Amino acid sequence: MSLRLAILVSGRGSNMTAILQAIADRRLDAQVCMVFSNNPDAPALETARSFGVPTAAISHKGLSRAAHEQKVLEVLTPLNVDFVVLAGYMRIVSAEFLRNFSSPDNRYFRVINIHPSLLPAFPGAHGYEDAFAYGAKVSGITVHLVDEHVDHGPILAQMSFARYADDTIDSFKSRGLQLEHKLLPEVLQEIAINGVHFYSRQTEAVSEAELNTIGRTT
Ligand code: GAR
């Protein structure tokens with residue numbers, strides 16, 4: 001199924017660009033109906049327009065979270081998107097906002113986030129910096145469904161990368177960002193083909209085959 005997407009951004013928009021490029025290259029069967037930003041000066045908006053994608057921006061400044069989200073919903077709701085993708089959208093979204101995007105079976109919200117750490121480690125606005133400062137030898141990135149908590153919700157995919165002895169925060173970050181640009185379009189394409197699948201911590205066990213691939217010996 002070709003996915004109808006809205007992408008929410010706050011700044012540079014390199015993940016947004018990766019999605020638009022994957023669509024242009026026919027690696028992703030999707031249509032981006034709108035790129036929205038809470039930051040009218042976000043460079044991502046100009047990039048989106050260069051791909052011919054409609055944009056909208058409404059600053060959150062001077063508005064309560066509820067008032068701002070109401071305005072965002074007025075933009076997004078008429079688009080009838082399948083998924084909202086948070087691609088560097090540096091705003092917390094409320095449970096009320098998420099309820100507008102309930103899945104047909106009410107198991108999840110149709111809102112996807114990319115985060116620059118192996119969640120649940122290092123949530124927040126500075127995933128790479130926090131992992132680097134902590135001295136993590138292995139870090140990574142996470143694509144997940146968004147729930148009512150910050151940087152939280154069912155994990156769709158993760159990729160890890162090593163920290164090298166001579167890494168600087170910039171080299172560390174840029175290695176992670178390259179993985180982000182690969183993983184996010186791949187996850188969206190997987191959803192376009194097979195729908196949403198995730199392990200529910202409560203109801204689904206990891207299969208024996210998967211345990212073997214991660215090296216369990218007993
Ligand atoms: C990305 O590294 C993304 O994972 C991160 O912001 C950056 C946005 O870059 N998101 C978060 O930290 C969310 N908590 P981009 O604008 O170039 O895509």
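(A) Structural view of the site of the ligand. Neighbouring residues of the ligand: 14 residues in total, closest Arg 12, Gly 13, Ser 14, Asn 15 and Glu 180. In the model, an oxygen atom of the ligand is placed 3.0 Å from a nitrogen or oxygen of the Asn 15 main chain. One of the side-chain nitrogen or oxygen atoms of Asp 151 is found 3.3 Å away from a nitrogen atom of the ligand. The fraction of the free accessible surface of the ligand (440 Å²) that becomes covered by protein chains is 90%. Taken domain by domain, the shell around the ligand gets at least three of its residues from each of domain 1 (1–101) and domain 2 (113–218).

(B) Layout of the packing of aromatic side chains. The final tally for this structure, using the stated rule, is 7 aromatic pairs. Here Tyr 108 and Phe 198 contribute two aromatic rings whose centre-to-centre distance is 5.9 Å and whose plane-to-plane angle is 90 degrees, an arrangement assigned as edge-to-face. A residue pair is termed long-range when its members are at least 10 positions apart, and Tyr 108 in the loop between helix H4 (95–99) and strand S5 (111–115) and Phe 198 in the loop between helix H6 (169–194) and helix H7 (208–213) qualify at 90 residues. Of the two residues, Tyr 108 and Phe 198, both sit in the buried class. A network of ring pairs unites the aromatic residues Tyr 128, Phe 132, Phe 161 and Phe 172 as a single cluster.

(C) Structural detail: the side chain of Glu 180. Mapped onto the elements, Glu 180 comes out in helix H6. One buried charge, Glu 180, has no salt-bridge partner; the nearest side chain with opposite charge is Arg 12, at 6.4 Å. At 2.5 Å, the side chain of Glu 180 and the side chain of Tyr 128 are in polar contact. Glu 180 has contacts with Asn 15, Ile 114, Pro 116, Tyr 128, Ile 141 and Pro 185, leaving out every residue within four places of it along the chain.

(D) Quick look at the nonpolar core. Ile 7, Ile 19, Val 35, Ile 112 and Leu 156 are the most contacted members of the largest nonpolar core, which has 43 residues in total. Per-element accounting of this core gives the leading share, 8 residues, to H6. Counting contributing residues, this core receives three or more from each of domain 1 (1–101) and domain 2 (113–218). Counting residues in hydrophobic clusters, the runner-up holds 22 residues, among them Leu 76, Val 81, Val 84 and Val 146.

(E) A look at unusual backbone geometry. The peptide bond linking Leu 119 to Pro 120 adopts the cis configuration, its omega dihedral lying at 15 degrees. Mapped onto the elements, Pro 120 comes out in the loop between S5 and helix H5 (127–134). One non-glycine residue, Arg 26, lies in positive phi territory at about 60 degrees. Among the structural elements, Arg 26 can be located in the loop between helix H1 (14–24) and strand S2 (30–37). By relative accessible area, Arg 26 is classed as exposed at 77%.

(F) Inspection of the environment of His 152 at higher detail. With respect to the helices and strands, His 152 occurs in the loop between strand S6 (138–145) and strand S7 (155–162). Among the residues examined, His 152 registers a relative accessible area of 32% and is labelled partly exposed. Remark: the alpha-carbon pair of His 152 and Val 196, spanning 44 residues in sequence, is separated by 16 Å.

(G) Quick peek at the pattern of salt bridges. All told, the structure shown has 7 salt bridges when counted by the stated rule. One salt bridge in this structure joins Glu 46 and Arg 49, with 3.3 Å as the shortest N-O distance. Within this pair, Glu 46 and its partner Arg 49 are both found in helix H2 (residues 43–50), separated by 3 residues, close to a single helical turn. The closest approach of N and O atoms between Lys 182 and Glu 186, which form a salt bridge, is 2.8 Å. Residue Lys 182 and its partner Glu 186 are both found in helix H6; the two are separated by 4 residues, about one turn of the helix. Given a relative accessible area of 39%, Lys 182 falls into the partly exposed group.

Analysis parameters
- Residues numbered from 1 in each chain as written.
- Predicted model: local features only at pLDDT ≥ 70, side-chain atom pairs only at ≥ 80, totals over all residues.
- Heavy atoms only, no water.
- Near = heavy atom within 4 Å.
- Polar contact = N/O pair within 3.5 Å; in protein donor to acceptor, adjacent residues only side chain to side chain.
- Areas by Shrake-Rupley, 256 points an atom, 1.4 Å probe, with all protein chains shown as cover.
- Domains from an automatic or database assignment.
- Phe/Tyr/Trp six-rings, centres within 6.5 Å; stacked < 30°, edge-to-face > 60°.
- Helix = DSSP H or I, 4+ residues; strand = E, 2+ residues; numbered from the N terminus.
- Buried < 20%, exposed > 50% of the residue type's maximum accessible area, 1.4 Å probe, protein only.
- Lys, Arg positive; Asp, Glu negative; His and termini not counted.
- Salt bridge = Lys/Arg side-chain N within 4 Å of Asp/Glu carboxyl O.
- Contact = heavy atoms within 4.5 Å.
- Core = buried A, V, L, I, M, F, W, Y, C linked by side-chain atoms within 4.5 Å.

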